[in-house]
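# Summary of the model geometry
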Amino acid sequence: MNRGDVSATREALDQALAADPDHATALQLSGVLNCRMRQYTDGIAAFRRLTEVKPEKASSWFNLGKALNDARQFVESMDPLARALEIQPEHTAARVLLGLAQRETGDTEAAIESLRHAREQAPEDPAATSAMAAILGSEGKHDEAVNLFLEAVQHQPNLPDTHYNLGKGLLARAAAAYAGGQDNERVGRDLAAGAESFRQALLIDSHFHDARLGLGEIAEARQDWFEAISHYRKVHQKRPRDLQATILLMRLLIAGGRVSEAAEHLAQITETAPEVLRTFWSAQIDRRRGKDVRARLEALLERPDAQFLQKDIQNELMSDNQAPAQ
């Protein structure tokens, strides 16, 4: 596992668990491996079994809670995280994840209290500081959020996550300032500082691809479409199953009128993007080629799995047909 040999690791763990299905270390490593591979169903099952084998260990409940949290099953994650804290009240990481889960389920007040407690327990813990900053940012308190992200960087300057979080905070503050019609010079400073934070994250870890997505977002904010597309394409090449990179890339290619490139890219992602998204992108491409796609778009509006695309579909329907793309 340490050298990244996934197949050999899985084979060894399968053999260990075949010999002893309740082997605690094998269950833990199996859960870790599956979650790293984003195979959360198998990872959660391994960690759930671990809580049955070692219910007295806070780490058993924390691992299950973290796996559920990573799988975005926030409501389900709160009980095991609370169990971990019952066993080990000073478990800062469990308290941070509990706060994040509370935030995601809409209980902002409880989230802030959990994270305040975590910061009291571990003032220099970058995860607690960054999580609190993220909540403040979501509440529109961007200056406070950026200050906390800066504090996290000062505590952990060699951690790529702290630089990435600072970059996202600066980007959010710039977007809010721009939307509010504030000083463009301040917006430019925040975008420049955000780009530098993302680059610093990549200097520490060249495989920290989320930081490259951040650079693409900075380029978009500067209306440098060519650079933004370049960043998104690089992430897609490294992580072809990264849906966020795919969405960002397709959106810019289509919006920029690069129809042939968009069509070529669409043909490459038939197994990695949801069918509903591919249907929408196909209709957008065809509309820009001068085809009448109104019926296809209206049919999409009726699909329950296309609810998150309602606004985008309506915008397409309201747009005039463009001349066929070159």
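The structure under discussion appears in the preceding block.
Residues numbered from 1 in each chain as written. Predicted model: local features only at pLDDT ≥ 70, side-chain atom pairs only at ≥ 80, totals over all residues. Heavy atoms only, no water.

Here the focus is the overall build of the protein. A tally of helices and strands in the protein yields 18 helices and zero strands. Structurally, the protein occupies a C-alpha span of about 65 × 50 × 40 Å along its principal axes. Burial analysis of the protein (326 residues in total) assigns 41% to the buried set. Here the contacts in the protein between residues at least 6 apart in sequence split such that 46% fall between residues at least 24 apart. (Helix = DSSP H or I, 4+ residues; strand = E, 2+ residues; numbered from the N terminus. Buried < 20%, exposed > 50% of the residue type's maximum accessible area, 1.4 Å probe, protein only. Contact = heavy atoms within 4.5 Å.)

Viewed as axis vectors pointing N to C, helix α3 (residues 40-53) and helix α4 (residues 58-70) meet at an angle of 160°, and their least axial separation amounts to 8 Å. One way to sum up the angle between α3 and α4 is to call them roughly antiparallel. For α3 against α4, the interelement crossing comes out left-handed. Note on element contacts: α4 touches α3 through Ser-60, Trp-61, Asn-63, Leu-64, Ala-67, Leu-68 and Asp-70, opposite Tyr-40, Ile-44, Phe-47, Arg-48, Leu-50 and Thr-51. Considering only residue class, the contact of α3 with α4 consists of eight nonpolar, three polar and two charged. (Axes fitted to C-alpha atoms, helices over the stretch in contact; angles between N-to-C directions. Parallel < 35°, antiparallel > 145°, perpendicular 65-115°, else oblique. Left-handed = near helix turned anticlockwise from the far one by under 90°. Nonpolar A, V, L, I, M, F, W, Y, C, P; charged D, E, K, R; others polar.)

Checked against the element boundaries, Asp-286 lands in helix α16 (residues 275-288). For Asp-286, a relative accessible area of 12% gives the class buried. Residues within four places of Asp-286 in sequence aside, it is in contact with Lys-291, Val-293 and Arg-296.

Within the fold, Leu-68 resides in helix α4. Exposure remark for Leu-68: the relative accessible area of 1% places this residue in the buried category. For the pair Leu-68 and Tyr-40, spaced 28 residues apart in the sequence, the C-alpha separation amounts to 7.8 Å. Look past the residues within four positions of Leu-68 in its chain and what remains in contact with it is Ile-44, Arg-48, Gln-73, Glu-76, Ser-77 and Pro-80.

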